[in-house]
Structure formats: structure tokens, C-alpha cells
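# Structural features, examined
Take a look at the letters that make up each chain.
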Amino acid sequence: MFLQQLINGLTVGAIYSLIALGYTMVYGILEFINFAHGEVYMLGAYLGIIALGLLTQWGAAGWALAPLLVILFAMVWAAAWGGTIERVAYRPLRAAPRLSPLISALGVSIVLQNFVMLTQGARDQVFRRELLFSSDFNACGLSLGACTVSYTQLLIIGTALALMAGLTLFVDRTRMGRAMRATAQDQRMARLCGVDVDTVIRTTFVIGSALGAAAGVMVALYYGVVNFYIGYVAGLKAFIAAVAGGIGSIPGAMLGGLLLGLAESFGAGYLSSQYKDVYAFVILIVVLLVRPQGILGNKRDKV
Amino acid sequence: MLSRAAPAAGPAALLSLRGLRCGYGQLEVLHGISLEVRRGEIVALLGANGAGKTTAIAAISGLLPATAGAISYGGRDITGLPPDRIVALGVVQVPEGRRIFPGLTVRENLEMGAYLTENRRARAAGIERAFAMFPRLAERRDQPGGTLSGGEQQMLAIARGLMSQPALMLLDEPSLGLAPIVVDAVFDLIREIRAGGITVVLVEQNAQRSLEIADRGYLLETGAMVLEGTGAALLAHQRVRASYLGA
Ligand SMILES: Nc1ncnc2c1ncn2[C@@H]1O[C@H](COP(=O)(O)OP(=O)(O)OP(=O)(O)O)[C@@H](O)[C@H]1O
Ligand SMILES: [Mg+2]
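Just so we're clear, the structure is a prediction, and the values are computed from it rather than from any experiment.

Residue and element names in this part refer to chain B. Taken together, 14 residues lie around ligand 1, and Asn49, Lys53, Thr54, Thr55 and Glu96 are the ones closest in. In this structure, an oxygen atom belonging to ligand 1 sits 3.2 Å away from a main-chain N or O atom of Ala51. Isolated, ligand 1 exposes 630 Å² of accessible area, and the fraction of that covered by the protein chains is 61%. Elements supplying a minimum of two residues to the shell around ligand 1: strand S2 (27-38) and helix H1 (53-60).

In this section: a nonpolar patch on the surface. Residues A:Tyr232, A:Val233, A:Leu236, A:Tyr275, A:Val278, A:Phe281, A:Val282, A:Ile285, A:Val286, A:Leu289 and A:Val290 make up a contiguous nonpolar surface patch of roughly 1,100 Å² in combined accessible area. Turning to its location among the elements, A:Val278 is positioned in the loop between helix H10 (250-271) and helix H11 (279-290).

Those protein atoms acting as donors to the magnesium ion (ligand 2) are B:Thr54 (OG1), B:Glu96 (OE) and B:Glu96 (OE), and they sit at 1.9 to 2.8 Å. Taken as a pair, B:Thr54 in helix H1 and B:Glu96 in the loop between strand S6 (91-94) and helix H3 (106-113) lie far apart in primary sequence, 42 residues in all.

Here the focus is the environment of B:Thr105. Here B:Thr105 shows up in the loop between S6 and H3. For B:Thr105, the contacting residues outside a window of four places in its chain are B:Arg141, B:Asp142, B:Gln143, B:Pro144 and B:Gly145.

Time to look at the nonpolar core. The biggest cluster of nonpolar side chains holds 99 residues, and the ones touching the most others in it are A:Leu18, A:Leu21, A:Tyr90, A:Leu167 and B:Met112. The element best represented in this core is helix H8 (residues 197-223) of chain A, accounting for 16 residues. Not counting residues up to four positions away in its chain, the partners in contact with A:Tyr90 are A:Phe32, A:Asn34, A:Ala36, A:Ile85, A:Pro101, A:Ser104, A:Ala105, A:Val108 and A:Phe205. In this structure, B:Ala44, B:Val106, B:Leu110 and B:Ile193 belong to the second largest nonpolar core, which totals 45 residues.

Moving on to the pairing of strand S9 (residues 216-221) of chain B. Residues and elements named next belong to chain B. Burial analysis of S9 places five of its six residues in the buried class, the great majority of the element. With five bridges connecting them, strand S3 (residues 42-47) and S9 associate as parallel partners. Among the inter-strand pairings, Gly47 is bridged to a residue of S9, identified as Leu220. Sheet analysis places S9 next to strand S10 (residues 224-230), joined by six bridges and oriented antiparallel. Looking across to S10, one finds that Tyr218 is bridged to Glu228.

Residues and elements named next belong to chain A. Structurally, the position occupied by Thr183 is in helix H6 (residues 175-185). Reaching out from Thr183, the side chain makes a polar contact with the backbone oxygen of Ala179 at a distance of 2.6 Å. Not counting residues within four places of it along the chain, the set of residues in contact with Thr183 comprises Ile29, Ala190, Val195, Val197 and Val200.

Conventions adopted
- Residues numbered from 1 in each chain as written.
- Chains lettered and ligands numbered in written order.
- Predicted model: local features only at pLDDT ≥ 70, side-chain atom pairs only at ≥ 80, totals over all residues.
- Heavy atoms only, no water.
- Near = heavy atom within 4 Å.
- Polar contact = N/O pair within 3.5 Å; in protein donor to acceptor, adjacent residues only side chain to side chain.
- Areas by Shrake-Rupley, 256 points an atom, 1.4 Å probe, with all protein chains shown as cover.
- Helix = DSSP H or I, 4+ residues; strand = E, 2+ residues; numbered from the N terminus.
- Patch = residues over 30% accessible without salt bridge, like charges linked within 9 Å, V, L, I, M, F, W, Y side chains within 5 Å.
- Salt bridge = Lys/Arg side-chain N within 4 Å of Asp/Glu carboxyl O.
- Donors = N, O, S within 2.8 Å, 3.2 Å for Na, K, Ca; no water.
- Contact = heavy atoms within 4.5 Å.
- Core = buried A, V, L, I, M, F, W, Y, C linked by side-chain atoms within 4.5 Å.
- Buried < 20%, exposed > 50% of the residue type's maximum accessible area, 1.4 Å probe, protein only.
- Pairing = 2+ DSSP bridges.

So, in C-alpha cells, the structure goes:
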């Protein structure tokens, strides 16, 4: 039971972490909460369905690499969406009062939800994972005594960890990653070093959106159904994870997401599954009471 | 060695501001100032708190738009260019308050100074040169910039500015808040930088020290240039002596 809840919690937590990264990276650089981010995650889930449909048409859904192709497709498209949203809805408001981009984000959120509802339908959409896997990947997997780690869970945890490791390497080691950290810490000085801040901001949105979309596909893969309003609750929870971990901190978002997933899983397993959506808020309140800047948050250094 | 070739000589001035006006929103801070910096000079820009020195430097770096007037560099109009283009042309600023990236290591701060150098090996070579020039920084290479002392941060800020091998360096109050012995080191360094072929604009509160090493100087008062002359002439000038040298 314990081990099973641990695995389930890590799976859901890894998904929260991926979404939370998008909130925290954008906040780190712009000090702005991109409330449309949950919608990009939702879009990712639908892009996964579309990608799966395309692969099926080409008779390629059974390939071993097909699940990764589906994730990649969703990431690339969502990245384009993220860059476009930044350009259209936020960049023109860069110099506006702080409330304006927030309102713009709510607008983007409504537009995306309705766009998906109108084009994809208002009812639940099935992600036909049986097309990807010959047997039911959710049922079968590695058994560890009484607990089973399904291959789907392994795929989700493995891919999420790889994406997070990749992001960490990018931010720590590359020239653009360094420019992102520099911009988060002192935008004016970054400009004086020759950094084109617009490019940095666009890159941040592109990366955050791609990670959010990957999370969307993973959820579709895990639960098998999606609808046009899944972005709201998941986005809110991932935002809570980002704040609990320390908004602006990349490792903080990763940790916050995992913590939240584990809390929900253990809470559902040992306390009550009816209050599943409440645990996130409990965690947030406890963390903020003890450490107002979040677990890994730092008042001065961001990202 | 320190600098790239300055743009080919046209008119004698490397940098010139003509009738520059700019400010913040409705507030105009510079009311049409003019200034000229010739190749190889150290030019001091003096003025009381709030006179607009930092504003002038920000405008040259492209951080603030000019509402009137023109800035030209190397005979070319650079008014309205974004900061990254201006850095790319060889104009670098070491800003007021040093602005070290606190969470980046010393090495990473230097990397940022060479941001526009795309070749990784060239950046690494530049960092080695900087470490040779500033052994204190080499000892602290993996320490976060925010943990350095004020003097070390100033050295790092200057070293970071040198990383892009600029032709013109704008230094905004490099001696502010430093112990006298560190101030000496900073002024020695400025001389060295000029000897390395870099033209220097030096904004300073320390009028005495800066006019001693400057070839020429300007006095800015509430957004207008009120005096211009050689370092020695300004040092001897009644107005400068009365207001800025406490004589
Ligand atoms: N970001 C800003 N927004 C509005 N006003 C500003 C801003 N920065 C500076 N000012 C105003 O512009 C004027 C000139 O400021 P500036 O920083 O250029 O002066 P300075 O000569 O560098 O002074 P100091 O010696 O104190 O550094 C001041 O009146 C200041 O209040
Ligand atoms: Mg100033």
C-alpha cells in the first residue's frame, strides 16, 4: 500500500512539477503569473490526441517510440502557441501597470478554452492509449511485491525526469540559460551585457509551454480521457506547487510538484479520497506559514 | 590588447551627444546636453546628486530613449539603437552600484560580460585573461557574486565590462562606497584601461581624483552642461572648487 501510493504520488507529482515549471520560470523573469498556462497544458493533452490520430493513420501507433513522438509533437506545437501568446497578449503590455497582463492572461485562458471546446467538442475526449501499447500498459508492469508500477507510470516518471534534467542542464550550462538567470536577477544589467531580453522572455514562454504540454499528454496517457476544462484545476494546483516550492525557483517547482503529488496520493490512500483537491491548499498554507518565500524560495536570487 | 579596434577615424570624436534631451515619462531630466569624447581620452562627467549623470549614461547605452537630439559613435548615429546593439558596437557600461548578478558565480558574471562572444573558447580565453589581471577574482571564481565584498564587486564589475573588449567604457561612480585604498586601486585601474587603448567616460562624485586623471571634463547641473574644459582647468575653476572640491 505504502509503496503503491508512493509510485502513484510520484507519477502525478512529476506531472505537476512539469506544469509548475512554466509558472515559475515566467514569474522568475517577469514577476507575472501567467494564468493562461493551465490552458496550454490542456492544449497539450488535445495535441496528444491529434498526434495519436495522425500516427494511427500512418499505421505507426504501435511503434516503440510512438508515445515519445506523441509527446514531442505536442511539445513543439504548444511551444509555438506559447511564443505566440507571449507576443500577442503580453509583450504589448510589458510597460503597462502590473494588473494589465494578468487580465490579458485571463482573456487568453477564456479564448483557449473556448477555442478547444468549439473545435474539439465539449464532451470528454478519449485518448486511445490502447493504440500505443499492444497490451494494457496501465494494468501490466513491474511488480514489486504487492505493488505494481505500470509501464505507463514508468514512462511518465522517466520522461518527466529526463525533461527536468534537460532543463536543469540548459539553465545551468548554456549561454541562453545563463542569460535567463541573469535576466531574472537583474534585467537592466542583462541588457547592458548585450542580452536581448525579448528573446529571453520568448524562450522562457516557449520552454514553459512545451513542458506544460508534455504534462498534458502524460495526463491523457494516464487517465485516458481529457476535456477542455482540465487546465483550470491542474493549473491552479501546479501554481500552488510552484508557490510552495518557492516561486521563481526551478528546483522549487520540481520539488513542490512532487510534494503535492505525494500529498494527494497519501492523503487519498490513508485519509480520504474525497478531499483530494483540498490537500494542495493544506500544503500551501502549512508551507507559507513556516516559510513565506516557499521551500526553496529566496528573496533575492531568482531562477 | 584590452580593446578591439575603435571604429575607423572619421571626425575626431569617438562619441558625441548633441542637444540630447531625455527623461522618465513626463519628467525631462536632460535638457539638451552636448558632449564630445575623443579617441583615447578619459573624460570626466561631474555633477551633484540628481544632476542627470546616470541618465546621460543610460541614454548612451540605449536604455532610455532620447526625446530630442542625437548620439553618435564612431561617426555613426546610434540614437534609438537597443542596448545589445550598442554593446555589440563596443560601448560598454559599468553601472552605478556595480550590479553584479548576485546568484551567478564570479565566473558566470564574467561569462555574461562576454555574452555577445558566441565562441565558447574565446570566452574562456577572455576569462583566463581576466583572472590573470584580477587574482582575487580567480580565487573566488566559483563563489556567488553576491557574496563578494564591495571592492571585489567593483573589480568584478569592471572585469565584466572588459570581457567584451570594448572601445569605449562608461564608468558610473566606480569609487562610490569604497575604502581609500580600494579607491586608489580603482583609479589605477582606470589609467591602465586607458593605457590599454580603451576610451573612458568617468562619472564620479570624487571630483578631485577624477579630474586628476581626466584629459577633459564636463560639469552637469540639473540637466544642463554648465562647464567644459581640461581636467587641470576644471580643477582650478572657481565654480568647481566651490561646489565640488570644498575649497
Ligand atoms: N527611473 C526613474 N524614474 C523617474 N525619475 C528618475 C529615475 N531615475 C532617475 N530619475 C530622476 O532623474 C534625475 C536625475 O537622476 P540621475 O540618476 O541621472 O542623477 P545622477 O546625476 O546620476 O545622480 P547621483 O549622483 O545621485 O547618482 C533625478 O531627479 C532623479 O530623481
Ligand atoms: Mg548616478
